[in-house]
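A closer look at the structure
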Amino acid sequence: MDTRRALLAALESGPVSGPELAAELDVSRAAVWKAVEGLREEGFAVESTGEGYRAPAEPAYCAAGIEYGLDAPYTVEYHDRIASTNDRARTLAVADRTDVAVVADEQTGGRGRLDREWVAPSGGVWLSLLTRPMVAPARAPQFTLAAAVATADACREAGVNAAIKWPNDVLVTDTAADDADRGGRKLAGVLTEMEGEADRISWLVVGVGVNANLDAAALPAGATSIRAERGAEVDRRRFLARLLERYADLAADPDAILPAWRERAATLGRRVRVETATGSVVGTAVDVDPPGALVVETADGRVRVHAGDCEHLRDAESG
Ligand code: BT5
C-alpha cells in the first residue's frame, strides 16, 4: 500500500502521530508529512492536533474524501470538470489501469447511449468505474443491471423511492403523475462500454450518472434529482461510497444480480413498447433472463429483447 492510502486507512481509526505512522509504515517522517500535504491539496483537510493528525469531521467530495472509509476495492480519480468520465476511464483502460472510479463534479461532454447527450452540470454524481472482470463479453449486460441495482439502493438509502426501468434507468415512481410521466421521472442512467476478446472481457467501463444535488430546471424534461425529491441535499461522498460498495458486492456475487434487479424493477408486469434496432416490440414485460434480456409477452408469443429503449405504456394502451 502506498503512504497516501496507508495514511487514509490509519486516520479511520482516530488520530495518529507522524512519528508513529512513519515507524509503522517504515518510511521517513518527511514521507508522512508529504502524504498529509498531498491529501490536503486534494481537498481532504487533515487536521493537526496535539494527538497527531486527524481526519476532517466532514470530508469533502474529492478523491481522498471518497476513498476515506470506502469498503470497496477501487481507487478514486476526481475531477472538478471533465468532458466525460467514461472517456477518461477508457483512456485509463488503454493505459492498462484497472479498478479505478473516475468521478467528476461536472461533465461538459457527458454521453448517454447511442451518442445521446447526457446533461451533467456541477452537483451531480458522475462516475465511471473501470474494471476487468474475468467473464465472457456476452455477460457484460449483467454489470449494467448491477449498476442499476446499486444506484437504486443508494437512492433509497438517501430517502428517494427509486425503481429500475429496463435496462438502465433509475426512476422515481411514487406519485399519481406516474402514468402521465410514462412510468416515472428519470433520476439516473447507466452507460456500459467495453472491449473484449472472444472469451474474455478485456476492460469494462460502467458509467453511472445520478442527478444528485441539482435543480430539476437544469435538467431535461422528465428528469428529476435526489435533492428535488427529498427536499434536501444528499451527501454525495456517502452516496457514492454506498453505490460503489453495493456494486462491488454484486460484481463479486453475480448470481445475486438478477434477483435483486427483479425486486427493484418498475418494468416487470407493465405494458411496454421497446424500440430495438430491428423494430418495436409491444407487450407485457414478464421477466428478465440472463444476462439481462427483457422477456416480453406479445400478441405473437414471447420475445426476448437484448437491447433497446423501453417505454412503459398505460395499461389500456396498445402502442
Ligand atoms: C443513459 O443514456 O441514461 C446513460 C447515461 C450515462 C451518463 C453517465 S454520467 C458518467 C458517465 N460519463 C458519461 O459520459 N456518461 C456516463 P440514455 O438511456 O441514452 O438516456 C439519454 C437520454 O436521457 C437523453 O437523450 C435525454 O433525453 C435524457 N437525459 C439527458 N441528461 C439527463 C439527465 N441528467 N437526467 C435525466 N435524463 C437525462
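Anyway, here's the lowdown on the structure attached to this text. (Residues numbered from 1 in each chain as written. Predicted model: local features only at pLDDT ≥ 70, side-chain atom pairs only at ≥ 80, totals over all residues. Heavy atoms only, no water.)

Here we look at the sheet that holds strand E14 (residues 309–313)
What counts is decided by this rule: A pair of strands is considered paired only if DSSP assigns at least 2 bridges between the two. The numbering of helices and of strands both runs from the N terminus, where a helix is a DSSP run of H or I of at least 4 residues and a strand a run of E of at least 2. Angles shown run from 0 to 180 degrees and are taken between the N-to-C directions of axes, each axis being a line fitted to C-alpha atoms and, for helices, limited to the stretch in contact.
Here we have five strands laid out as an open sheet, ordered E13-E12-E11-E10-E14, and antiparallel in their pairing. Each edge of the sheet is formed by a strand with only one pairing partner; in this case those strands are strand E13 (301–305) and E14. On average, each strand axis in the sheet is inclined to that of its neighbour by 45°, with strand direction left out of account. Across five bridges, the pairing between strand E12 (residues 293–298) and E13 is antiparallel.

A closer look at empty space enclosed by the protein
Note the cut-off: Throughout, the protein atoms alone are placed on a 1 Å grid, and a set of points is a cavity if a 1.4 Å probe fits but cannot get out or a pocket if it is open with protein on both sides within 12 Å along at least five of seven lines; lining residues have an atom within 4 Å of a point. Grid points are joined across faces, edges and corners, and a volume is the space filled by probe spheres set on the points. Each residue receives one of three labels: charged for Asp, Glu, Lys and Arg, nonpolar for Ala, Val, Leu, Ile, Met, Phe, Trp, Tyr, Cys and Pro, and polar for the others, Gly being one of them.
Evaluated as defined, the whole model comprises one cavity of 30 Å³ or more. Looking at the largest cavity, its volume works out to about 40 Å³. Forming the walls of the largest cavity are Leu 127, Leu 129, Ala 147, Val 206, Val 208, Leu 243, Leu 244 and Tyr 247. For the lining of the largest cavity, the leading source of residues is helix H8 (residues 236–251), giving three residues. By residue class, the composition of the lining of the largest cavity is eight nonpolar, no polar and no charged.

Here we look at the site of the ligand
Heads up, the condition is: Whether a residue is near a molecule or strand depends on its heavy atoms: if one lies within 4 Å, it is near. We define a polar contact as two N or O atoms separated by no more than 3.5 Å, with the added condition that, inside protein, one atom must be a possible hydrogen donor and the other a possible acceptor, whereas residues neighbouring each other in sequence contribute only through side-chain atom pairs. Every accessible area reported is derived by Shrake-Rupley at a probe size of 1.4 Å, with residue values counting cover from the shown protein chains alone.
Close contacts around the ligand come from 27 residues, with Ser 84, Arg 111, Arg 116, Val 119 and Lys 186 the closest. Ser 84 has a polar side-chain atom sitting 2.7 Å from an oxygen atom of the ligand. Here the ligand, which alone exposes 790 Å², has 89% of that area covered by the protein. When contributions to the shell around the ligand are tallied by element, the ones reaching two or more residues are helix H5 (85–94), strand E5 (125–131), strand E8 (185–196) and strand E9 (201–210). A per-element tally of the shell around the ligand places E8 first, with four residues.

Re the sheet that holds strand E3 (residues 75–82)
Backbone-to-backbone hydrogen bonds pair the strands of a sheet. The strands run either parallel or antiparallel. The following threshold applies: Contacts were defined at the residue level, with two residues in contact if any of their heavy atoms lie within 4.5 Å.
Spatially, E3-E4-E5-E9-E8-E7-E6 is the arrangement adopted by the seven strands of the open sheet, whose pairing is mixed. In this open sheet, the two strands that pair with only one neighbour each are E3 and strand E6 (162–165). Adjacent strand axes in the sheet meet at a mean angle of 20° when their direction is disregarded. When E6 meets strand E7 (residues 169–172), the two strands line up antiparallel, connected through four bridges. If you follow Lys 165 over to E7, its bridge partner there is Asp 169. Against the sheet, H8 contacts strand E4 (100–107), E5 and E9, and its axis sits at roughly 30° relative to E5.

Regarding the environment of Glu 275
Residue position: Glu 275 is located in strand E10 (residues 271–276). Glu 275 sits 30 residues away from Val 305 along the chain, and the two C-alpha atoms are 9.5 Å apart. Apart from residues lying up to four places away in sequence, Glu 275 is in contact with Ser 280, Ala 307, Gly 308 and Asp 309.

Things to note about a negative patch on the surface
Rule in force here: Like-charged residues are merged into a patch within 9 Å and nonpolar side chains (Val, Leu, Ile, Met, Phe, Trp, Tyr) within 5 Å, provided each residue has over 30% relative accessible area and no salt bridge. Within this document, salt bridges are pairs made up of a side-chain nitrogen of Lys or Arg and a carboxyl oxygen of Asp or Glu, the two lying within 4 Å of each other. Neither His nor the chain termini are counted; the positive set is Lys and Arg, and the negative set is Asp and Glu. Charge coordinates come from a single atom per side chain, which is NZ of Lys, CZ of Arg, CG of Asp or CD of Glu. Only protein chains enter the accessibility calculation, which uses a 1.4 Å probe; a residue is then buried when its area is under 20% of its type maximum, exposed when over 50%, and partly exposed in between.
Together, Glu 12, Asp 71, Asp 249, Asp 253 and Asp 255 make up a negatively charged patch on the protein surface. Position of Glu 12 among the secondary structure elements: in helix H1 (residues 3–12). Residue class for Glu 12 comes out partly exposed when judged on its relative accessible area of 45%.

Observations regarding H8
Selection rule: For a helix, the expected span equals 1.5 Å multiplied by the number of residues minus one.
Its 16 residues place the ends of H8 22 Å apart at the C-alpha level, agreeing with the 22 Å of an ideal helix rising 1.5 Å per residue. Of all the 16 residues making up H8, twelve are buried; the element is thus mostly covered by neighbouring parts of the structure. For H8, the complete set of buried residues consists of Arg 236, Arg 237, Phe 239, Leu 240, Ala 241, Leu 243, Leu 244, Glu 245, Arg 246, Tyr 247, Ala 248 and Leu 250. A distance of 3.0 Å separates the backbone nitrogen of Arg 237 from a side-chain oxygen at the start of H8, and that oxygen is part of Asp 235.

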